[in-house]
Amino acid sequence: MTKSPIKRINHLAIVVNDIDEALTFWRDALGLELEQMQEVESQAAKIAILPVQDSEIELVEPITEDSGLKRFIEKRGPGIHHICLEVDDIEAMLERLKTKNVRLINDTPQADGIPGRKFAFIHPKSTFGVLVELYQILEE
Ligand code: ZN
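Computed from a predicted structure; not experimentally measured. (Residues numbered from 1 in each chain as written. Predicted model: local features only at pLDDT ≥ 70, side-chain atom pairs only at ≥ 80, totals over all residues. Heavy atoms only, no water.)

Enquirer: Lay out the environment of F119 with the relevant residues and their values.
Expert: Structurally, F119 can be placed in strand β6 (residues 117-122). When near neighbours in sequence (up to four residues on either side) are disregarded, F119 contacts Q43, I90, T108, P109, Q110, A111, D112, G113, E133, L134 and Y135. (Helix = DSSP H or I, 4+ residues; strand = E, 2+ residues; numbered from the N terminus. Contact = heavy atoms within 4.5 Å.)

Pasting the structure below:
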């Protein structure tokens, strides 16, 4: 059996208008633990992380008026924004996808998000409708 290049679903990101309001469901009603909340300037977002076993739910709130995230929520309303798959080797995965003519939003791994990880987004046109993020967690 060949080993899957995908390790796990790292997180599922849900875009919301107001994280504090969304926490009344995700934390208070469901009972998930809020592990951390931070503003990520490069993503123009405030992000709340709620672990579920070895995956996470991420609540994402746009913090500027002119980001892709803000446009997303204005056009479609709150809801699932992207699914993040964790890989061992993000460069190898991007090369693999390029050879299969998959449309990428990021041709090369980005490192300006949450520290300790590299990421790249795959265009929803190539994934049957879902924005997919790839993550590689870097060794400490
Ligand atoms: Zn993400």
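Enquirer: Hey, could you go over the pattern of salt bridges for me, with residue numbers and the actual values?
Expert: Tallying each qualifying case throughout the model produces 8 salt bridges. The salt bridge partner of E95 is K98, with a shortest N-O separation of 3.4 Å. Of the two residues, E95 and K98 are both situated in helix α3 (residues 90-99); the distance of 3 residues between them amounts to about one turn of the helix. Given a relative accessible area of 32%, K98 falls into the partly exposed group. Among the charged side chains, a network of salt bridges with common partners joins K3, K7, R8, E86 and D88. (Salt bridge = Lys/Arg side-chain N within 4 Å of Asp/Glu carboxyl O. Buried < 20%, exposed > 50% of the residue type's maximum accessible area, 1.4 Å probe, protein only.)

Enquirer: Would you mind going over the coordination of the zinc ion in detail, with residue names and values included?
Expert: The zinc ion binds to the protein through H11 (NE2), H82 (NE2) and E133 (OE); the donor distances cover 1.9 to 2.1 Å. Counting gaps between the donor residues of the zinc ion yields the pattern H-x70-H-x50-E. Of this pair, H11 sits in strand β1 (residues 6-15) while E133 is found in strand β7 (residues 131-137), placing the two residues 122 residues apart along the sequence. Residue H11 is classed as buried on the basis of its relative accessible area of 1%. A relative accessible area of 5% means that E133 is categorised as buried. (Donors = N, O, S within 2.8 Å, 3.2 Å for Na, K, Ca; no water.)

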